[in-house]
Amino acid sequence: MTRHYSALSLLKEGLAGQKGWAKAWESPEPKPRYDMVIVGGGGHGLATAYYLAKQHGITDVAVVEKGWLGGGNTGRNTTVVRSNYFFPESVRLYDMALKLYEGLSRELNYNIMLSQRGMISLAHTPAEMEMAARVVNAMQINGTDAELFGPEDVKRVLPIYNFGPKARYPALGGVWQGRSGTARHDAVAWGYARAAARLGVHILQQCEVTDFLIEGGRCRGVVTASGAIRADKVGLAVAGHSSQMAAKAGFRLPVTSYALQACVSEPVKPILDTVVLSPGAGTYASQSDKGEMVVGGGLDRIPSYGQRGNLPVLETVLSGLVEMFPAFRQLNLMRQWAGIVDVVPDSSPILGESPLPGLFLNCGWGTGGFKSIPAGGVLLAHLMATGQHHDISRPFDLDRFTTGRLIDEAAGSGIAH
Amino acid sequence: MQIFSCPFCGPRPEPEFHFGGELGNHRPAPDCSPEAWAQYLHFRTNPRGAAEEIWLHIPCGELFKMHRDTVTMTALPGRALGDQP
Ligand SMILES: Cc1cc2nc3c(=O)[nH]c(=O)nc-3n(C[C@H](O)[C@H](O)[C@H](O)COP(=O)(O)OP(=O)(O)OC[C@H]3O[C@@H](n4cnc5c(N)ncnc54)[C@H](O)[C@@H]3O)c2cc1C
Ligand SMILES: [Zn+2]
């Protein structure tokens, strides 16, 4: 069976009629006990399992997913990766993720199609320009790449932008991060799943966790649709469904679940070769490798578990898009969808042991946790394997809501999530 | 577009409304523990399904309570905060 992906193995399998490929991962029968169980087969859960096996030698691990891999937000997101945050804690976290992304195709032997095409966050008013300068300054001091763009720079990277005298969103400049870009979302989930499975991790799909085994005040495993599974430690990476799982474990979280929508147009020839975000217009867009315009914006402001999305937000997003890019008025939309995201008051994630000992949290990524998947995996694996925080995850512990040391990125970088 | 019903103005389109939080999240006494204060300020039940919530109707400026299902998104007409139950 051919396992390794390379030009040579492609050629070999091509000649042999593609019959010899090994399965990317198996679907084993659940065992009654594992050293560690991860609830949630999105990017964060799968990456955690991979790093437990790879970096800590803990291979007796199961990832338990109620649907299919990446069927949550990981397979629904608009695939933008970046680290343009304001606070040092955040830049350390997101830059760790971006650096891991930069080497991930090779590390996983799986092409995640990382495309560091750069991202421009536009400023439309003098006040927004001042905020942009502040963010660029902070990013540079925090050691990540950032550049303050003026109008000429925007013209260079966005020639199709509406620079007309009557433009509603004049482009005065903005924050440029050249290392930002996009990656293929399914490939990130599948790449981690395949690499983890090769190290011995069990991937259990169509297996919903309905409760926790709690003995002597500790989490001792999970109850699933196909029976109980015992474990020394359990990791929880279920994004918008974290509050329901927390309720089963006897605590609450500072999380509210909202629908976040996105949509794609019909595919067209290459016309937009960067990621563009306009916080003012409430719209962001990039062009996929297939040629579709991938478009998103802010949250639906109504708490929701209905994986749909309402029209008013879609209208805001699309009116911003066609105002900034008049040529896009001709585009037909192909699909629109939503995912349920886990929004936290300070727009920063939650990483740490939960109030129930033995149960560890990775949630609160809200609208922006695709870019952080490698870091979320490394940090949750570190927490579960050592019982200790990594320096980078320490500030993101649940205790910050009691101590008051919030990391408010909505205020810091104006990133609306 | 979803229609919510303000107890004072009647049925109005969704963008006129603003989510005001979960009903029954009462402020603890000022000398409470940091944990109790954090629970009040930040921690939420975030129910999946039936929810009792506070909403603001922006044009009239009134807060009211509303029963809503967070999965199906059906919403009963809003009730004035003083109304029972
Ligand atoms: C429309 C949209 C656009 C986005 N755009 C971006 C972007 O451009 N850049 C970016 O960085 N982020 C973006 N995000 C956010 C990003 O998608 C998420 O933060 C990230 O994917 C979260 O990954 P996760 O692994 O934590 O959660 P998920 O991928 O949601 O995985 C959680 C998994 O847990 C499973 N699960 C839930 N309950 C149970 C249970 N009881 N038992 C077993 N399994 C369970 C779910 O089925 C799901 O597969 C976007 C999100 C959406 C919805
Ligand atoms: Zn009213």
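Residues numbered from 1 in each chain as written. Chains lettered and ligands numbered in written order. Predicted model: local features only at pLDDT ≥ 70, side-chain atom pairs only at ≥ 80, totals over all residues. Heavy atoms only, no water.

Quick word on the overall build of chain A
A tally of helices and strands in chain A yields 12 helices and 18 strands. Against the globule reference of 22 Å for 417 residues, chain A gives a C-alpha radius of gyration of 22 Å, in line with a compact fold. Reported as C-alpha extents along the three principal axes, the dimensions of chain A are approximately 70 × 60 × 40 Å. For chain A, with 417 residues in total, the buried portion stands at 58%. (Helix = DSSP H or I, 4+ residues; strand = E, 2+ residues; numbered from the N terminus. Rg over C-alpha atoms; globule rule 2.2 N^0.38 Å. Buried < 20%, exposed > 50% of the residue type's maximum accessible area, 1.4 Å probe, protein only.)

Points about the sheet that holds strand S5 (residues 62-69) of chain B
Taken in spatial order, the 4 strands make up an open sheet running S3-S4-S5-S6 (chain B), and their pairing is antiparallel. Unpaired on one side and paired on the other, strand S3 (17-22) and strand S6 (79-80) of chain B mark the two borders of the sheet. (Pairing = 2+ DSSP bridges.)

Focus on unusual backbone geometry
The phi angle of most residues is negative, glycine excepted, and most peptide bonds adopt the trans form. All names here are of chain A. Unusually for a residue other than glycine, Asn109 sits at a positive phi of about 55 degrees. Along the chain, Asn109 turns up in the loop between helix H4 (104-108) and strand S4 (119-123). Asn109 gets classed as buried once you look at its relative accessible area, which sits at 15%. Positive phi, close to 55 degrees, is recorded for Ser347, a residue that is not glycine. With respect to the helices and strands, the residue Ser347 is situated in the loop between strand S16 (333-343) and strand S17 (350-353).

Considering helix H10 (residues 373-386) of chain A
All names here are of chain A. With 14 residues, H10 should cover 20 Å at 1.5 Å per step; its first-to-last C-alpha distance of 20 Å lies within 8% of that length. Here H10 lies mainly inside the structure; 12 of its 14 residues are buried. Along H10, the positions that sit buried rather than exposed are Ile373, Pro374, Ala375, Gly376, Gly377, Val378, Leu379, Leu380, Ala381, His382, Leu383 and Met384. (Expected span 1.5 Å × (residues − 1).)

Some details on the coordination of the zinc ion (ligand 2)
Residues and elements named next belong to chain B. Here the zinc ion (ligand 2) is held by Cys6 (SG), Cys9 (SG), His57 (ND1) and Cys60 (SG), and the distances to it run 2.0 to 2.3 Å. If you look at the zinc ion (ligand 2), its 4 donor atoms make angles of 107 to 115 degrees with each other, and the shape they trace is tetrahedral. For the zinc ion (ligand 2), the donor residues sit on a single chain with the sequence spacing C-x2-C-x47-H-x2-C. Of this pair, Cys6 sits in strand S1 (residues 3-6) while Cys60 sits in the loop between strand S4 (50-57) and S5; the two residues are 54 residues apart in sequence, bridging distant segments of the chain. Residue classification places Cys6 among the buried positions, given a relative accessible area of 2%. (Donors = N, O, S within 2.8 Å, 3.2 Å for Na, K, Ca; no water. Tetrahedral: all angles 85-135°; square planar, octahedral: opposite > 155°, others 65-115°.)

Observations concerning the layout of surface pockets
Taken as a whole, the second largest pocket spans an internal volume of roughly 490 Å³. Both of domain 1 (27-82 + 86-108 + 185-254 + 346-413) and domain 2 (119-180 + 257-343) of chain A provide at least three residues apiece to the lining of the second largest pocket. (1 Å grid on protein atoms, 1.4 Å probe; cavity = no way out; pocket = protein on both sides within 12 Å on 5 of 7 lines; lining within 4 Å. Points joined across faces, edges and corners; volume = space filled by probe spheres on them. Domains from an automatic or database assignment.)

Observations concerning the side chain of His42 of chain B
Tracing the chain through its elements places His42 of chain B in the loop between helix H1 (34-41) and S4. You can call His42 of chain B buried: its relative accessible area is 12%. Contacts of His42 of chain B, omitting those with residues within four sequence positions, involve Leu253, Pro254, Pro345, Phe401 and Leu406 of chain A. (Contact = heavy atoms within 4.5 Å.)

Section: the pattern of salt bridges
Per the stated rule, a full pass over the model turns up 21 salt bridges over all chains. Across the pair Arg179 of chain A and Asp145 of chain A runs a salt bridge, and its minimum N-O distance is 3.0 Å. A residue pair is termed long-range when its members are at least 10 positions apart, and Arg179 of chain A in the loop between strand S6 (173-177) and strand S7 (181-182) and Asp145 of chain A in the loop between helix H5 (126-141) and strand S5 (147-149) qualify at 34 residues. When its relative accessible area of 28% is taken as the criterion, Asp145 of chain A is described as partly exposed. The salt bridge involving Arg68 of chain B is made with Glu53 of chain B; its shortest N-O contact spans 2.6 Å. Of this pair, Arg68 of chain B sits in strand S5 while Glu53 of chain B sits in strand S4, and the two are 15 residues apart along the sequence. Take Arg68 of chain B and Glu53 of chain B: they sit in the same class, and that class is buried. (Salt bridge = Lys/Arg side-chain N within 4 Å of Asp/Glu carboxyl O.)

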